[in-house]
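Fold and geometry: a report
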Amino acid sequence: MNVGDLIRDKELGDVGLIVEIDHLRQDRGWNLLPEPYCIWYDGKLEWHKKDYIEKDCEVVSEGR
């Protein structure tokens, strides 16, 4: 999955847009955060875990 891809939750059908992927994202204490995928969903940005995005979601339309 890549930035710009439109994805859908396989079970719920919710659709979102991948706007950022940062596998080295850190909190202010320099700890790695477990949510590398930033998704534009329902009018807001949300960070999600790699396993959820890569296993429970599917690409509806690939970004260019």
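Our subject is the structure listed above.
Summary of the structure given here. (Residues numbered from 1 in each chain as written. Predicted model: local features only at pLDDT ≥ 70, side-chain atom pairs only at ≥ 80, totals over all residues. Heavy atoms only, no water.)

1. Quick notes on the pairing of strand β2 (residues 15-21)
In terms of strand pairing, strand β1 (residues 6-9) meets β2 through 3 bridges, oriented antiparallel. Residue pairing for β2: Leu6 is matched across the bridge by Leu17. Hairpin connection between β1 and β2: a loop of 5 residues separates the two successive antiparallel strands, and Gly13 in this loop has a positive phi of roughly 85°. Alignment of β2 against strand β3 (residues 37-41), held across 4 bridges, turns out to be antiparallel. Residue pairing across strands places Glu20 opposite Cys38, the latter belonging to β3. (Pairing = 2+ DSSP bridges. Helix = DSSP H or I, 4+ residues; strand = E, 2+ residues; numbered from the N terminus.)

2. Some thoughts on the pattern of salt bridges
If you walk through the whole model with that rule in mind, you get 3 salt bridges. In this structure, Glu58 engages Arg8 in a salt bridge whose closest nitrogen and oxygen atoms are separated by 3.2 Å. With Glu58 in strand β5 (residues 57-61) and Arg8 in strand β1, the pair connects residues that are 50 residues apart, well separated along the chain. Residue class for Glu58 comes out partly exposed when judged on its relative accessible area of 31%. Taking relative accessible area as the criterion, Arg8 reaches 31% and is therefore assigned partly exposed. A salt bridge links Lys44 to Glu46; its shortest N-O distance comes to 3.7 Å. (Salt bridge = Lys/Arg side-chain N within 4 Å of Asp/Glu carboxyl O. Buried < 20%, exposed > 50% of the residue type's maximum accessible area, 1.4 Å probe, protein only.)

3. Here we look at the packing of aromatic side chains
Any two aromatic rings considered together are summarised by their centre-to-centre distance and by the angle between their planes. Tallied over the entire structure, the rule returns 0 aromatic pairs. The ring of Trp47 carries Arg25 above its face, with NZ or CZ at 3.8 Å from the centroid. (Phe/Tyr/Trp six-rings, centres within 6.5 Å; stacked < 30°, edge-to-face > 60°. Lys NZ or Arg CZ within 6 Å of the ring centre and 35° of its normal.)

4. Here's the deal with the side chain of Asp5
Among the secondary structure elements, Asp5 is positioned in the segment before β1. Here Gly63 takes part through its backbone nitrogen, which lies 2.9 Å from a polar atom of the side chain of Asp5. If sequence neighbours within four positions are ignored, Asp5 has contacts with Gly16, Leu17, Ile18, Val59, Ser61, Glu62 and Gly63. (Polar contact = N/O pair within 3.5 Å; in protein donor to acceptor, adjacent residues only side chain to side chain. Contact = heavy atoms within 4.5 Å.)

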